[in-house]
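Residue-level structural notes
Letter by letter, the chains look like this.
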Amino acid sequence: MKTCVYIDHFKGEVVQASWEALGAAKSFGEAAAIVLGSGIEGLVKSAFEFGADEVLAADDASLADFRPETYASTLSAILADSSPALVLLPSTSRTREVAAMSAIDLNSGVLTDVTGLELDGESVLATRPIYEGKLFEKTTCAARPQFVTLRARAFPRPSPEAGRSGSVRNYPAAGRALTTVEGYAAGEMGVSLVDAGVIAAGGRGVSNNPSLGLDEAETAKKGFELLGELAGVLGGAVGASRAVVDAGFIPYAHQVGQTGKVVAPDLYIAAGISGAIQHIVGIRSAKLVVAINKDAEAPIFQAARYGVVGDLFTFVPALTAAFKKKLGK
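In this text the structure is predicted, and so the values were computed from the model without any measurement. (Residues numbered from 1 in each chain as written. Predicted model: local features only at pLDDT ≥ 70, side-chain atom pairs only at ≥ 80, totals over all residues. Heavy atoms only, no water.)

As for the nonpolar core
Val55, Leu88, Leu117, Val148 and Leu150 are the most contacted members of the largest nonpolar core, which totals 32 residues. When contributions to this core are tallied by element, the ones reaching two or more residues are helix 1 (17-26), strand 4 (31-37), helix 2 (41-49), strand 5 (54-59), strand 6 (86-90), strand 7 (110-114), strand 9 (123-130) and strand 11 (146-150). The element contributing the most residues to this core is helix 1, with five residues. What Leu88 contacts, discounting residues up to four positions off in sequence, is Thr3, Cys4, Val5, Tyr6, Ala21, Ala24, Ala25, Leu117, Val148 and Leu150. Counting residues in hydrophobic clusters, the runner-up holds 24 residues, among them Ala220, Ala231, Val290 and Val316. (Core = buried A, V, L, I, M, F, W, Y, C linked by side-chain atoms within 4.5 Å. Buried < 20%, exposed > 50% of the residue type's maximum accessible area, 1.4 Å probe, protein only. Helix = DSSP H or I, 4+ residues; strand = E, 2+ residues; numbered from the N terminus. Contact = heavy atoms within 4.5 Å.)

Here it is, written out as structure tokens:
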């Protein structure tokens, strides 16, 4: 089966799930990587090292900034020329937009947030969560090419092979941009939530500790500092529930759940998080959940493998100290 993999990146920084998608494509045979942007030589080199047999590249100044009009038009032109049966993309806000627009151009459809792939004759059968992750369905797309976006960390990432190379086919940029990018503003996020193998997340409990003698905002700041230290020791990221994001205690970029990020870490530490269904939706793919909460009846314990009924302000520093000792830090 001829497969193309869209390598999603922001200003040259690749979304790691792109390489997972490339690895999934290789399980079906040869795979061509599609790389769009400006000054993308390094990305092309990386695509070969992660297993691409061929790279279909559009290197143009008009693609320096992501704009869905030009990216989707260029992607459609490349796919129309190469005629793959399957197009894999990592699931991000950018790829959902580009895949939908390109599928319309090519009279096809898109299967989103897929967690499993298998061949069914000449078609690919995709597994994806439905009903807020309570069930999984297997489905396929009858049109060609089949567009499929893959959930991050649902597929293994291949190991890069230094020095690996292949042929590059160059394409011009297509389409006319209807928007202009004036600039970017972003906060310091550290490790990406979507890519993180470990996440230490805080909920309403991080702002609730009267014994500290601080107001809610100051208490939350201290609570997230403790979680940040724990995440730092484990090389992970800091997450949060919607409640503390809505309260303004931490930026939205850290939010995990139905209206935030859907994550799949190896370890998810939920501190002071009650466990509303909207939050549970975002962590169903976590391999191991550890809950810390003063309320023994909190729903989060139903989703956790291990639970601690106690104060996060006491337990998290002790956990951090234990990990530091264990890891020699």
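Still more to cover.
Description of the pattern of salt bridges
One side chain can pair with another of opposite charge once the charged atoms of both are near each other. For the structure on display, the rule yields 15 salt bridges. Put simply, Lys26 and Asp53 hold a salt bridge, and the shortest N to O gap is 3.0 Å. Of this pair, Lys26 sits in helix 1 while Asp53 sits in the loop between helix 2 and strand 5, and the two are 27 residues apart along the sequence. Of the charged contacts in the structure, one is a salt bridge between Lys45 and Glu49, with a shortest N-O distance of 2.7 Å. On the criterion of helical spacing, the pair formed by Lys45 and Glu49 is a turn pair, its members being four residues apart in helix 2. Classification of Glu49 by relative accessible area gives buried; the value is 14%. Among the charged side chains, a network of salt bridges with common partners joins Lys26, Asp53 and Arg164. (Salt bridge = Lys/Arg side-chain N within 4 Å of Asp/Glu carboxyl O.)

Topic: the environment of Phe147
Summarising the element assignment, Phe147 is placed in strand 11. In contact with Phe147, not counting residues within four places along its chain, are Leu79, Val87, Leu89, Ala99, Ser102, Ala103, Leu106, Ser108, Gly109, Val110 and Leu111.

Comments concerning the sheet that holds strand 8 (residues 116-120)
Spatially, three strands are ordered 8-9-10 in an open sheet, and the strand pairing comes out antiparallel. Each edge of the open sheet carries a strand with a single partner, namely strand 8 and strand 10 (135-139). Neighbouring strand axes in the sheet, compared pairwise and without regard to direction, differ in orientation by 25° on average. Relative to strand 10, strand 9 is paired through five bridges, and the arrangement is antiparallel. (Pairing = 2+ DSSP bridges. Axes fitted to C-alpha atoms, helices over the stretch in contact; angles between N-to-C directions.)

Considering the sheet that holds strand 6
Taken together, seven strands build an open sheet; the order of strands is 7-11-6-1-4-5-12 and the sheet is parallel. Of all the strands in the sheet, just strand 7 and strand 12 (167-170) have a single pairing partner and so form its edges. Within this sheet the neighbouring strands show an average axis-to-axis angle of 25°, counted without direction. Strand direction decides the pairing type here: strand 4 and strand 5, joined by six bridges, are parallel. Its bridge partner being in strand 5, Leu36 is matched across the sheet by Ala58. Sitting on the sheet, helix 2 is in contact with strand 4, strand 5 and strand 12, with an inclination near 165° to strand 5. The strands touched by helix 4 (residues 93-105) are strand 1 (3-6), strand 6, strand 7 and strand 11; relative to strand 11, the strand with the most contacts, the crossing angle is about 175°.

Focus on the side chain of Thr127
By the secondary structure assignment, Thr127 is in strand 9. Apart from the residues lying within four places of it in its own chain, the contact partners of Thr127 are Val114, Thr115, Gly116, Phe136, Glu137 and Lys138.

Here's the deal with the packing of helix 5 (residues 216-233) against helix 9 (residues 312-327)
It is the contact of helix 5 with helix 9, at a shortest axis distance of 9 Å, that shows an interaxial angle of 20°. Taken together, the axis directions place helix 5 and helix 9 in an arrangement best described as roughly parallel. For helix 5 against helix 9, the interelement crossing comes out left-handed. Where helix 5 approaches helix 9, its residues Thr219, Lys222, Gly223, Leu226, Leu227, Glu229, Leu230 and Val233 are matched on the opposing element by Phe313, Val316, Pro317, Leu319, Thr320, Phe323, Lys324 and Leu327. A class-by-class count of the residues in the contact of helix 5 with helix 9 yields 10 nonpolar, three polar and three charged. (Parallel < 35°, antiparallel > 145°, perpendicular 65-115°, else oblique. Left-handed = near helix turned anticlockwise from the far one by under 90°. Nonpolar A, V, L, I, M, F, W, Y, C, P; charged D, E, K, R; others polar.)

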